[in-house]
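Structural characterization, general
Each chain, letter by letter, is given below.
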Amino acid sequence: MIISWNTTRKCNQFCAHCYRDARPDADADELTTEEGFRLLDEIKQSGFMIMVLSGGEPLVRPDILDLVRHGSEVGLRVVLGTNGTLLTPEWVANLKAAGCARVGISLDSTDPAIHDKFRCMPGAWELSVQGMKYCREAGLPFQIHTTVTERNQHEIINLTDLAVSLGAAAHHIFFLVPTGRGEGIEQETLKAQEYEKLLNRILKKQQEVAIELKPTCAPHFMRIAKRRNIPMRFTKGCLAGTHYCVITPNGDVHPCPYLPLTVGNVRETPFTEIWRSNPVFEELRACELKGRCGKCDCADICGGCRARAYYYSGGDYMAEEPWCLYLPSESEAPTVG
């Protein structure tokens, strides 16, 4: 199981798509170091294996190395999600020494100008790529995270090639869900046809490269992989509330970062209790989906994006996935891509 903790809303960037509305002047209502230690202990007790520390920008938290170290010491595989612009050889060495297992670094284009504009930070592309090189030189594994929209969908495969050339261990491609500031660019999200075509291109590319390609917030990839007999290490597309959840900076618990539904707060209720018995989590685990998702023969390996269902249905996280071309009565995947 995997869990994310957005350790802060503070960030040195102001990205157009940020689900947490992170910014340089964000409020500092964050869990303290001691609260963070207790949370990490409870996360381990709840059976989670992978702990993602992200933000905002986690490197602006003064105690981030202490949090990495504590998570590693209690037996979690701690990974860091960062924009990479603050990474230096010293930072990388300290993260590695503290027990960080991998770093995820955001890169949204092969063109520095496009990336910098999306991230609202001149020079961001060069700094992020330099951060990757520091990780490679120090032997700290890293992967590239890309948020895909209509503006960059044509270069996703080229980004995978760049990831390979830089020595990345994986390329994770996040399909935009209109949450937070991302709601302001909803018109740029990929709709059904483009969604399906890009997933097919990504899975075709997976057969050509050694690094892992992982579409995120695009659970249909599991159905396409099955139809094409492409081996995958994953068991299900959408893990929200079943094998994954997120903690916000102030301790709220959401089923996933893109499903802004608070099911509890770790300052008020132990995380172990929230994860074990919250009614929303219980409903997501029962997986009694509605609409086409509820009738789909691939529901057990896909599940439809619960965050996208929530947004486009007006608040029903069990509704059908709106941007899926697959018809449950068909025996083959749509012939696109």
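Residues numbered from 1 in each chain as written. Predicted model: local features only at pLDDT ≥ 70, side-chain atom pairs only at ≥ 80, totals over all residues. Heavy atoms only, no water.

Some points on the overall build of the chain
The helix and strand tally for the chain stands at twelve helices and ten strands. Against the 2.2 N^0.38 benchmark of 20 Å for 337 residues, the chain shows a C-alpha radius of gyration of 19 Å, consistent with a compact globule. Over its C-alpha atoms, taken along the principal directions, the chain stretches across nearly 55 × 45 × 35 Å. In the chain, which comprises 337 residues, the share counted as buried stands at 59%. Within the chain, contacts between residues at least 6 apart in sequence are counted, and of these 69% link residues at least 24 apart. (Helix = DSSP H or I, 4+ residues; strand = E, 2+ residues; numbered from the N terminus. Rg over C-alpha atoms; globule rule 2.2 N^0.38 Å. Buried < 20%, exposed > 50% of the residue type's maximum accessible area, 1.4 Å probe, protein only. Contact = heavy atoms within 4.5 Å.)

A word on the sheet that holds strand 5 (residues 142-148)
Read across the open sheet, the ten strands follow the order 7-6-5-4-3-2-1-8-9-10; overall the sheet is mixed. Strands at the two margins of the open sheet, each flanked by one partner only, are strand 7 (212-216) and strand 10 (264-265). Both strand 1 (residues 2-6) and strand 2 (residues 50-54) contribute to a ladder of five bridges, which runs parallel. Bridged to Ile2 within strand 2 is Ile50. Contacts from helix 1 (residues 33-45) reach strand 1, strand 2 and strand 8 (244-247) within the one sheet, and its direction differs from that of strand 1 by about 170°. Each of strand 1, strand 2 and strand 3 (77-82) touches helix 2 (residues 64-73); the most contacted strand, strand 3, lies at about 150° to it. (Pairing = 2+ DSSP bridges. Axes fitted to C-alpha atoms, helices over the stretch in contact; angles between N-to-C directions.)

Comments concerning the side chain of Thr146
With respect to the helices, strands and loops of the structure, Thr146 is situated in strand 5. Thr146 sits in the buried class, given a relative accessible area of 0%. Of note is the side chain of Thr146, whose polar atom sits 2.7 Å from the backbone oxygen of Leu107. Non-local contacts of Thr146, meaning those with residues more than four positions away in its chain, are made with Leu107, Asp108, Asn152, Ile156, Leu159, His171, His172, Ile173 and Phe174. (Polar contact = N/O pair within 3.5 Å; in protein donor to acceptor, adjacent residues only side chain to side chain.)

Re the pairing of strand 7
Consecutive side chains along a regular strand alternate between the two faces of the sheet. Counting buried residues in strand 7 gives five out of five residues, a clear majority hidden from the surface. Of the two faces of strand 7, the one lined by Glu212, Lys214 and Thr216 and the one lined by Leu213 and Pro215 are each fully buried. Across five bridges, the pairing between strand 6 (residues 170-175) and strand 7 is parallel. Within the sheet, the bridge partner assigned to His171 lies in strand 7 and is Leu213. Following the backbone out of strand 6, through helix 7 (residues 192-206) and into the adjacent parallel strand 7, one traces a crossover that is right-handed. (Right-handed = clockwise from strand over helix to strand, strands pointing away.)

Here we look at helix 1
For helix 1, which comprises 13 residues, the first-to-last C-alpha distance of 18 Å matches the rise-based estimate of 18 Å (1.5 Å per residue) to within 8%. Those residues of helix 1 not exposed but buried are Glu35, Gly36, Phe37, Leu39, Leu40, Glu42 and Ile43. Buried residues in helix 1 make contact with strand 1, strand 2, helix 2, strand 8 and helix 9 (271-277). Two residues or fewer after helix 1 comes Gly47, characterised by a positive phi angle close to 100°. (Expected span 1.5 Å × (residues − 1).)

Considering the pattern of salt bridges
Within the structure shown, the criterion is met by 21 salt bridges. Here Lys205 makes a salt bridge to Asp161, at a shortest N to O gap of 2.8 Å. In this pair, Lys205 is assigned in helix 7 and Asp161 in helix 6 (residues 156-166), connecting sequence segments 44 residues apart. The partner of Asp297 in a salt bridge is Arg227, and the shortest N-O contact between them spans 3.4 Å. A residue pair is termed long-range when its members are at least 10 positions apart, and Asp297 in the loop between helix 11 (291-295) and helix 12 (306-313) and Arg227 in helix 8 (residues 220-227) qualify at 70 residues. (Salt bridge = Lys/Arg side-chain N within 4 Å of Asp/Glu carboxyl O.)

Points about the packing of helix 7 against helix 8
Axis separation between helix 7 and helix 8 bottoms out at 10 Å; the angle between their running directions is 55°. By the angle between their axes, helix 7 is oblique relative to helix 8. The handedness of the crossing between helix 7 and helix 8 is right-handed. For the pair helix 7 and helix 8, the contacting residues are Tyr195, Glu196, Leu199, Asn200 and Leu203 in the first and His220, Phe221, Arg223, Ile224 and Ala225 in the second. Residue composition of the contact of helix 7 with helix 8, by class: six nonpolar, two polar and two charged. (Parallel < 35°, antiparallel > 145°, perpendicular 65-115°, else oblique. Left-handed = near helix turned anticlockwise from the far one by under 90°. Nonpolar A, V, L, I, M, F, W, Y, C, P; charged D, E, K, R; others polar.)

Digging into the packing of helix 6 against helix 7
Viewed as axis vectors pointing N to C, helix 6 and helix 7 meet at an angle of 30°, and their least axial separation amounts to 10 Å. As summarised for this structure, helix 6 and helix 7 are arranged roughly parallel, according to the angle between their axes. Helix 6 and helix 7 meet at a crossing whose hand is right-handed. Residues Ile156, Ile157, Thr160 and Asp161 of helix 6 touch helix 7, and the partners they reach there are Leu198, Arg201, Ile202 and Lys205. Among the residues forming the contact of helix 6 with helix 7, the class breakdown is four nonpolar, one polar and three charged.

A closer look at the environment of Ala192
Tracing the backbone through its elements, the reader meets Ala192 in helix 7. The exposure class assigned to Ala192 is buried, which follows from its relative accessible area of 14%. If near-sequence neighbours (up to four positions away) are discounted, Ala192 is found in contact with Trp323, Cys324 and Leu325.

What about the pairing of strand 8?
Burial along strand 8 is two-sided: Tyr244 and Val246 facing one way and Cys245 and Ile247 facing the other are all buried. Pairing between strand 1 and strand 8: four bridges, direction parallel. Bridging from a neighbouring strand, Ile2 pairs with Tyr244 of strand 8. Relative to strand 9 (residues 252-254), strand 8 runs antiparallel, the two sharing two bridges. Residue Val246 lies in a different strand from strand 9, and its bridge partner there is His254. If you look at the hairpin formed by strand 8 and strand 9, you'll find four residues sitting between the two strands, and Gly251 has a positive phi there, around 100°.

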